[in-house]
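Each chain, written out:
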Amino acid sequence: MILRHGDTGYRVEALQRALVSAGHALEVDGWFGDETEAAVRAIQRAHGLVIDGLAGPKTREALGGRPDPRRLRQIDLVHAAERLGVELAAVMAVNEVESRGSGLHFGGPRGGQPVILFERHIMRRRLIHYGVAPMPYQQRRPDLVNDKAGGYIGGPREHDRLEAAAALDDSTATDDCAIEAASWGLFQIMGMHWQRLGYASAAAWREAMAATEGRQLEAFTRFIEADQSLLTALRRHDWREFARRYNGPAFERNDYDTRLAAAYRRHAQQLEIAA
């Protein structure tokens, strides 16, 4: 769960106690106000994390003395903004709204592995793309190969689905199809884009997505570079057009455009204050 300015309750109290233990003088009142946000930003800055004032698992990880060097850093976003020729606040807004907060799983047997979502209907399409008849697999494992989306387990267990799909037979094709049929990392970019984005193979794509969140941001940067319309929308802060192209025609259902605009304004204001 991500805590932000204006939140209240026992989770905020727990965060404030951790911040006090880390040396920040603030009142433990269960309200995420300006002082709490300033303390969160200070922790993020001290550990090289993205300085967004949002207290999620990464910030709590750092507060617990267990910062993971593979997490996304503020300097990663700075470099991405410079490379794309866009404002840092715009990249920070996209990271806040479009990413899942973490590109690597926390704890458990899948801890440290990349966040994925396996798409069974895309698996079917990729099999056809490689000249493999999908029906024998679809009849045997409709949860992995299907002409309709669905069958999601969610969370780390999506890796179980991907591995089962890769093991449908012993060919390299099914392994590549499984990688290509999943969305990967912070920005949930489909693996089937690996060649268009300049990766040597599907396996090289998987390796990059598993390395660091910075490498996942690199994939997002390449994805934006490969689509001039997306890049233009980002440069112009045309959030409606950006959301339509990035999230699809149903973007309004989740208010992606208004959320991006609000996040951009907040980050632009904070960056101006910090300058």
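Above this text sits the structure in question.
Reading guide: rules and limits
- Residues numbered from 1 in each chain as written.
- Predicted model: local features only at pLDDT ≥ 70, side-chain atom pairs only at ≥ 80, totals over all residues.
- Heavy atoms only, no water.
- Helix = DSSP H or I, 4+ residues; strand = E, 2+ residues; numbered from the N terminus.
- Buried < 20%, exposed > 50% of the residue type's maximum accessible area, 1.4 Å probe, protein only.
- Contact = heavy atoms within 4.5 Å.
- Areas by Shrake-Rupley, 256 points an atom, 1.4 Å probe, with all protein chains shown as cover.
- Lys, Arg positive; Asp, Glu negative; His and termini not counted.
- Charge placed at Lys NZ, Arg CZ, Asp CG, Glu CD.
- Salt bridge = Lys/Arg side-chain N within 4 Å of Asp/Glu carboxyl O.
- 1 Å grid on protein atoms, 1.4 Å probe; cavity = no way out; pocket = protein on both sides within 12 Å on 5 of 7 lines; lining within 4 Å.
- Points joined across faces, edges and corners; volume = space filled by probe spheres on them.
- Nonpolar A, V, L, I, M, F, W, Y, C, P; charged D, E, K, R; others polar.
- Axes fitted to C-alpha atoms, helices over the stretch in contact; angles between N-to-C directions.
- Parallel < 35°, antiparallel > 145°, perpendicular 65-115°, else oblique.
- Left-handed = near helix turned anticlockwise from the far one by under 90°.

1. Considerations on the overall build of the protein
The secondary structure content of the protein amounts to 14 helices and three strands. Along the longest, intermediate and shortest principal axes, the C-alpha atoms of the protein span 65 × 40 × 35 Å. Counting all 275 residues of the protein, 48% fall into the buried class. If you take every contact in the protein between residues at least 6 apart in sequence, the share linking residues at least 24 apart comes to 55%. In the structure as shown, the protein presents an accessible area of about 13,200 Å², 49% of it carried by carbon and sulfur atoms. Charge separation in the protein, taken as the distance between the mean sites of 36 positive and 37 negative side-chain charges, equals 4 Å.

2. Observations concerning the side chain of E61
With respect to the helices and strands, E61 occurs in helix α3 (residues 57-63). Take E61: its relative accessible area is 13%, and that puts it in the buried class. Leave out the neighbours within four places in its chain, and E61 touches R66, P67, D68, R71 and F106.

3. Concerning the pattern of salt bridges
Per the counting criterion, the structure on display carries 22 salt bridges. Of the charged contacts, one joins R110 and E163 as a salt bridge, the two residues approaching to 2.9 Å between their closest N and O atoms. Taken together, the residues span a long stretch of sequence, with R110 in the loop between α5 (88-98) and β1 (116-118) and E163 in helix α8 (residues 158-166) at a distance of 53 residues. Judged by relative accessible area, which is 15%, R110 ranks as buried. What makes E163 partly exposed here is its relative accessible area of 41%. Linking D175 and R206 is a salt bridge whose minimum nitrogen-to-oxygen distance equals 3.8 Å. Taken as a pair, D175 in helix α9 (residues 172-180) and R206 in helix α10 (residues 202-211) lie far apart in primary sequence, 31 residues in all. By relative accessible area, R206 is classed as partly exposed at 30%. Within this structure, K58, E61, R71 and E213 form a network of salt bridges that share partners.

4. Description of the layout of surface pockets
A probe matching the size of a water molecule, rolled over the atoms, marks out where space remains unfilled. The space that makes up the largest pocket amounts to roughly 510 Å³. Every element with two or more residues in the lining of the largest pocket is listed here: α5, α6 (120-129), β3 (189-190), α13 (239-247) and α14 (256-274). Residue composition of the lining of the largest pocket, by class: nine nonpolar, six polar and four charged. Contributing to the lining of the second largest pocket are 19 residues, with I2, D52, L54, K58 and G101 lying nearest its centre. Secondary-structure elements contributing two or more residues to the lining of the second largest pocket are α3 and α5. Per-element accounting of the lining of the second largest pocket gives the leading share, three residues, to α3. Its residues placed into classes, the lining of the second largest pocket shows eight nonpolar, six polar and five charged.

5. Digging into the packing of α13 against α14
The contact between α13 and α14 brings their axes to 8 Å, and the two run at 125°. Taken together, the axis directions place α13 and α14 in an arrangement best described as oblique. In this structure, α13 meets α14 at a crossing whose hand is right-handed. Taking contact as the criterion, the partners of W239, R240, F242, A243 and N247 in α13 are, on α14, Y256, D257, L260, A261 and Y264. Among the residues forming the contact of α13 with α14, the class breakdown is seven nonpolar, one polar and two charged.

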